[in-house]
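Structural overview
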Amino acid sequence: MGVGPLEGISVVEFGRIMAGPVCGLMLADLGADVVKIETLPRGDPTRRFLPPDVGGESAAFMMLNRNKRGVAIDVGTDAGRDVARRLILAADVLVENFRTGRMEQLGLGFETLRQQNPRLIWCSISGFGRTGPYADRGGFDLTAQGYSGLMSVTGEGEGRPPVKVGAPITDITAGILGAVGVLAAVIQRARTGTGQQVDTSLFEGGIVQTYWQSAITLATGVAPGPMGSAHPLSAPYEAFECANGWITLGASSQATWERLPPVIGLPELLEDERFRENAGRMEHRRELAQILGERFRQRTVEEWLSSLDEAGVPAGPVLDLRATLAHEQTLARDMVTEVQHSRLGTVKTLGMPIKFSDAPVPSRCGAPILGEHTLDVLRDVGYAEQQIRSMDDAGIVRIGGE
């Protein structure tokens, strides 16, 4: 399955639901051979995130687990843990996102395994990280968004209920941070010959999304609150309602601001002392937004975008996902692609968001059914076929797809 910059790198993903599988997905899309271990009897809980489904298979599971080979093991048994240990010790990288301490309970902790494979790179993604007073706490995207401050700056404005970011952003960010950490560790191992532990969390994945708001807080001692779609440092930079929908307007630099009033028929705003400089526009942001909002509601989205684009003022429509996934730029960037699922045939999925000039990374296969590659993967690490089938009969592993 090796295609792309990480060809030749073997990864065992002991991931479940989102953060670990996102990390594994990034590495698989980059060409690593990712073996996903799922625990019996039911596998990754995302398999039961239904609806929606495609032919009985969870759409959510298939989105996060393409380009991986799947192995199903009962790690509640000594024999199952031995199988998992052999797979991990044969790999370059382990990715796991269990609650802190769970891998140690299974006898698969980093300090134990590194003694047998000093080159092993271990990526641990947890709710709050493996150190600090909250290390033993579990974590979910919703709680991480609350703890990290994200929910305090997301929403319509002061006095309104807290709102989480619509996407599970701390899970996704933690998975991407984990992949970045793995790549750095692979590079360092090439220099030193030894692996190491990579440790990140949903909590930190949320905090790094607050760079601008944290800059304000650290500089002033004042924590900013929610501003709807507006920007905490520049204006006008927010969404405005038009006659038939919404647009986003990014006239936040001085140059783009000075192009805006003439094109919308309000050149007098350039002479208004309140709006001459960004500091004034931020101080009087609500008044400016009201003036602009009244004007934008007079024409359609299409009319405004045509005029703004011609004048060089950054703006765009607010699309729903159906429109986004059908957009010409989405398709041109191969962000919707197709993979071959062993049971369903051709399945649509999101594409790889990183492009390379000399190392194309096309999607190769759909997500595995439970235990689909158990036989092949265990043969790769030295098990005889009859031994694998005996373990399947005993419920220690599952051979799927036959």
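You'll find the structure just up there.
Before going into details, it helps to say that this report is about the structure given with it. (Residues numbered from 1 in each chain as written. Predicted model: local features only at pLDDT ≥ 70, side-chain atom pairs only at ≥ 80, totals over all residues. Heavy atoms only, no water.)

Okay, the overall build of the chain next. Helix and strand content of the chain: 17 helices and 14 strands. Seen through its principal axes, the chain has C-alpha atoms that stretch 85 × 45 × 40 Å. Here the chain, with 402 residues, has 46% of them falling under the buried criterion. For the chain, long-range pairs separated by at least 24 residues make up 68% of all intrachain contacts whose partners lie at least 6 apart in sequence. Put simply, the chain shows about 19,500 Å² of open surface, and 53% of that area lies on carbon and sulfur atoms. Between the centroid of the 39 positive side chains of the chain and the centroid of its 49 negative side chains there is a distance of 4 Å. (Helix = DSSP H or I, 4+ residues; strand = E, 2+ residues; numbered from the N terminus. Buried < 20%, exposed > 50% of the residue type's maximum accessible area, 1.4 Å probe, protein only. Contact = heavy atoms within 4.5 Å. Areas by Shrake-Rupley, 256 points an atom, 1.4 Å probe, with all protein chains shown as cover. Lys, Arg positive; Asp, Glu negative; His and termini not counted. Charge placed at Lys NZ, Arg CZ, Asp CG, Glu CD.)

This brings us to helix H1 (residues 19-29). Among the eleven residues of H1, eleven are classified as buried, and the element is accordingly described as predominantly covered. Listed as buried for H1 are Ala-19, Gly-20, Pro-21, Val-22, Cys-23, Gly-24, Leu-25, Met-26, Leu-27, Ala-28 and Asp-29. Within two residues after H1, Gly-31 carries a phi angle of roughly 110°, on the positive side.

Our next topic: unusual backbone geometry. The omega torsion across Leu-40 and Pro-41 is 20°, close enough to zero to call that bond cis. Relative to the helices and strands, Pro-41 resides in the loop between strand S2 (33-39) and strand S3 (53-54). With an omega of -10°, the peptide bond running from Leu-50 to Pro-51 counts as cis. Tracing the backbone shows Pro-51 in the loop between S2 and S3. Even without glycine at this site, Asn-67 takes up a positive phi of about 65°. Within the fold, Asn-67 resides in the loop between helix H2 (59-64) and strand S5 (68-73).

Bringing empty space enclosed by the protein into the picture now. Tallied over the entire structure, the rule returns one cavity of 30 Å³ or more. Contributing to the lining of the largest cavity are Phe-14, Gly-15, Arg-16, Ile-37, Glu-38, Thr-39, Gly-43, Asp-44, Pro-45 and Phe-98. Counting residues per element, the lining of the largest cavity draws most heavily on S2, at three residues. (1 Å grid on protein atoms, 1.4 Å probe; cavity = no way out; pocket = protein on both sides within 12 Å on 5 of 7 lines; lining within 4 Å. Points joined across faces, edges and corners; volume = space filled by probe spheres on them.)

Okay, the sheet that holds strand S10 (residues 246-250) next. Strand order in the open sheet formed by three strands is S9-S10-S11, with antiparallel pairing between adjacent strands. For this open sheet the edge positions go to strand S9 (237-241) and strand S11 (315-317), each flanked by a neighbour on one side alone. The average angle at which neighbouring strand axes cross in this sheet is 25°, direction not considered. Of the strand pairs in this sheet, S10 and S11 are connected by three bridges, and their pairing is antiparallel. The residue bridging Leu-249 from the neighbouring strand is Ala-315, located in S11. Strand contacts of helix H12 (residues 285-296): S9 and S10, with the helix running at about 40° to S9, the strand carrying the most contacts. (Pairing = 2+ DSSP bridges. Axes fitted to C-alpha atoms, helices over the stretch in contact; angles between N-to-C directions.)

This brings us to the pattern of salt bridges. By the definition in use, this model includes 22 salt bridges. Measuring nitrogen to oxygen at the nearest pair gives 2.5 Å for the salt bridge that ties Arg-66 to Asp-29. Pair noted here: Arg-66 is in the loop between H2 and S5 and Asp-29 is in helix H1, with a separation of 37 residues, a long-range link. Each member of the pair, Arg-66 as well as Asp-29, carries the same accessibility label: buried. (Salt bridge = Lys/Arg side-chain N within 4 Å of Asp/Glu carboxyl O.)

Across all of its chains, the model carries zero disulfides by this definition. Cys-23 takes part in no disulfide bond, and the closest cysteine sulfur, belonging to Cys-123, lies 4.2 Å away. (Disulfide = S-S within 2.5 Å.)

With the rule as written, the count across this model stands at nine aromatic pairs. Centroid distance Phe-14 to Phe-98: 5.2 Å. Interplanar angle 80°. Geometry classified as edge-to-face. One end of the pair, Phe-14, is in strand S1 (residues 10-14); the other, Phe-98, is in the loop between strand S6 (93-96) and helix H4 (102-105), and 84 residues separate them in sequence. Across the pair, exposure class does not vary: Phe-14 and Phe-98 are buried alike. (Phe/Tyr/Trp six-rings, centres within 6.5 Å; stacked < 30°, edge-to-face > 60°.)

As for its placement among the helices and strands, Val-301 is situated in helix H13 (residues 301-311). Considered as a pair, Val-301 and Pro-317 are 16 residues apart in the sequence and their alpha carbons are 7.0 Å apart.

Moving on: a nonpolar patch on the surface. A cluster of nonpolar side chains, contributed by Met-63, Leu-321, Leu-325 and Leu-350, occupies part of the molecular surface with about 340 Å² of accessible area. On the secondary structure map, Leu-325 appears in helix H14 (residues 321-326). Given the relative accessible area of 38%, Leu-325 is considered partly exposed. (Patch = residues over 30% accessible without salt bridge, like charges linked within 9 Å, V, L, I, M, F, W, Y side chains within 5 Å.)

The topology assignment puts Met-151 in the loop between helix H6 (141-147) and helix H7 (169-192). Counting along the chain gives 13 residues from Met-151 to Lys-164, while the straight-line C-alpha distance between them is 5.2 Å. Each residue touching Met-151, except ones within four places of it in the same chain, is listed here: Leu-142, Gln-145, Gly-146, Pro-162, Val-163 and Lys-164.

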